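Reading the structure
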Amino acid sequence: MEYQVDFLPAGLRIRAYTTHKDENIVPIMFGAHLDTSDDAPNKGVEVLVHENYQGQDLRLQNEVLVSPRLKGFEKLDTYRGETIFTSNGTTLLGGDDKAGIAAIMTFLEYIQVNKEAHGEVDVFFTYDEETGLDGACLLNPETDTKAKYGFVFDNEDGQLGVDSFNAAGAYIDIQREQISERTGQVVKVKLNGHPTFPGHGKEKGMIDSYRNLPAVIEVLNEANATVTNISGGVGSIELEVLVHSAESLTTLAQITDSRFEISADHKGRKPVEFEVTSNEGTASYGYNLGKVVSLVSAIPYEMSAEQTDDRQGYVQPYNFTVAENGTITLMTLLRDFETDGLNAKKGLVTAAVPDIRIKDQYMNKAEVLKESPQLVDAVKEAMSTAGIKNVELAAVRGGDESGVYTLSVQTMIGKPEPGRRIPSVNIGIMGGGAHTVQEYQPLSAMVKAVYTALEINKMAVWKDLV
Ligand SMILES: [Zn+2]
């Protein structure tokens, strides 16, 4: 088939050229993202094909279990008799969002081979969605496409995403402080938890290792230990500390689990582990984690990603990163469906740590989509016609590229000039376990996505979308 492929800052643009292209048809665009999450190993993926799935446990390498008996995987049972894809257990599958790419490519081939009427159809396969919708934010609706409406294939099968979070990140910088050189034993302190996509924390059984951090830091302060490094995120935090005397090591060794909020993780590991890694260490700098303690302590438990679902927003400390100059930054996610709610969360973290830096990340597209009710109705109908039963108008507990296109890049992060908007929706395509080694992808969801795209294309031809 014939395409024009262009490499734009946003990603790959594929424009369908066929002999039967009709310039009078309303221009539309389809989207999916090229990158996969790096929350789990994502290189060297080996795909396993499970045909005629009958609701059984799928046992993969490394004792990875994919089963409808597991919390958050119940829906797997609804794909009986179908073909399911998983990885071999050592990596994620990457159906997020290779499933979207496969569906859209199949759609393009179909309209070519079957001479389906179509107008200007632009496909955007974007870069860096997982790191914060970076590619989509670079799409310029003035120059990159004439599309009037956009259709992104991502997120959960059966869902039509018309509502999403408003999002901001809050950042605490912890400078490395010079101290007079000290010697002692090097101790690794590990805080264990269980990571999930934070938006699905409650549903997927997230255990937040940050909850024990204030207590651990208190213990380390009592032991007069020097923190020389801190890294990790929700699922696991690691501190490297220098302990200066035999007594303080005894203090650490005597710590009882009752001091900690989390008693154990899913794997039965202790929530906090201390391990002496060297008997002779020196430190000439350390980190003061006072601001981290203030922030974590200020977040009500019921406002954490672990405890929120549906349309509740959350505040969730997310990860530590280290800069070349040794400054460590803690990034905290602020999420709320309502702008007022997000502002309240910004107020909460600022009250706890006055010099916290806040950066807006993305906004809810629901308000803009209200101006295009015909779009949502048309897509819902297209999905039903394609065989998707009980289309669920979903409040997506995350952001997605359709939100970026709807609001137009110019109104996003740090770009004050309002630009042309491309009202867009997100059409679900994925199975479950995204971003983990347990990810699974039903073939039927991809096939239905192809039919949905064909139905949408027909609506553009009939001008039902205008
Ligand atoms: Zn995705």
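Remember, predicted model here, so these are calculated numbers, not experimental data.

1. A word on the domain arrangement of the protein
In terms of domain boundaries, the protein breaks down into domain 1 (2-165 + 364-462) and domain 2 (169-335 + 342-358). Each of domain 1 and domain 2 has a C-alpha centre, and these two points are 35 Å apart. Tallying the contact residues gives 9 residues for domain 1 and 10 residues for domain 2.

2. What to know about helix 11 (residues 443-462)
Taking 1.5 Å per residue, 20 residues should reach 28 Å; helix 11 reaches 29 Å between its end C-alpha atoms and fits that length. By the burial criterion, the buried members of helix 11 are Ala 445, Met 446, Lys 448, Ala 449, Val 450, Thr 452, Ala 453, Leu 454, Ile 456, Asn 457, Met 459 and Ala 460. Elements that come into contact with the buried residues of helix 11 comprise strand 3 (28-33), helix 1 (95-113), strand 9 (149-153), helix 9 (373-385), strand 20 (424-427) and strand 21 (440-442).

3. Some words on the sheet that holds strand 3
An order of 1-2-8-3-9-20-10-19 is seen for the 8 strands of this open sheet, with the pairing classed as mixed. With partners counted over all chains shown, the strands left at the sheet margins are strand 1 (2-8) and strand 19 (392-396), one partner each. Ignoring strand direction, the axes of neighbouring strands in this sheet form an average angle of 30°. Sheet analysis places strand 3 next to strand 8 (residues 121-126), joined by 6 bridges and oriented parallel. The residue bridging Gly 31 from the neighbouring strand is Phe 124, located in strand 8. Sitting on the sheet, helix 1 is in contact with strand 2 (11-17), strand 3, strand 8 and strand 9, with an inclination near 145° to strand 3. The sheet contacts of helix 9 involve strand 9, strand 10 (159-164) and strand 20, and relative to strand 20 the element is tilted by about 25°.

4. A closer look at the pairing of strand 9
Remember that side chains alternate between the two faces of the sheet whenever the strand is regular. Counting buried positions along strand 9 gives 5 out of 5 residues, so the element sits mostly inside the fold. Alternating residues of strand 9 divide into Tyr 149, Phe 151 and Phe 153 and Gly 150 and Val 152, and every residue in both groups is buried. In this sheet, strand 9 lies alongside strand 3 in parallel orientation, the contact comprising 4 bridges. Paired with Gly 31 across the two strands is Val 152, which belongs to strand 9. As judged from the 4 bridges shared by strand 9 and strand 20, these two strands associate in the parallel manner. From the neighbouring strand, Phe 151 faces strand 20, where its bridge partner is Val 425.

5. Considerations on the sheet that holds strand 12 (residues 177-192)
If you trace the 8 strands from one edge of the open sheet to the other, you get 15-12-14-13-16-17-11-18, paired in antiparallel fashion. Edge positions in the sheet fall to strand 15 (272-286) and strand 18 (357-362), since each of these pairs with one other strand and no more. Going across the sheet, the axis of each strand differs from the next one's by a mean of 30°, ignoring polarity. Across 5 bridges, strand 11 (residues 166-174) lies against strand 18 in antiparallel orientation. Residue Gly 169 lies in a different strand from strand 18, and its bridge partner there is Lys 359. Helix-sheet contacts for helix 4 (residues 213-222) involve strand 12, strand 13 (226-233), strand 14 (236-243) and strand 15, and the interaxial angle to strand 12 is about 140°. Lying over the sheet, helix 7 (residues 339-352) contacts strand 11, strand 16 (314-322), strand 17 (328-336) and strand 18, oriented at roughly 150° with respect to strand 17.

6. Focus: the environment of Lys 190
You can see Lys 190 is positioned in strand 12. Sequence spacing of Lys 190 and Thr 308 is 118 residues, and the spatial spacing of their C-alpha atoms is 26 Å. When near neighbours in sequence (up to four residues on either side) are disregarded, Lys 190 contacts Ser 236, Glu 238 and Glu 273.

What counts and what doesn't
Residues numbered from 1 in each chain as written. Predicted model: local features only at pLDDT ≥ 70, side-chain atom pairs only at ≥ 80, totals over all residues. Domains from an automatic or database assignment. Contact = placed C-beta atoms within 7 Å. Helix = DSSP H or I, 4+ residues; strand = E, 2+ residues; numbered from the N terminus. Expected span 1.5 Å × (residues − 1). Buried ≥ 20, exposed ≤ 12 C-beta atoms within 10 Å, placed from the backbone. Pairing = 2+ DSSP bridges. Axes fitted to C-alpha atoms, helices over the stretch in contact; angles between N-to-C directions.

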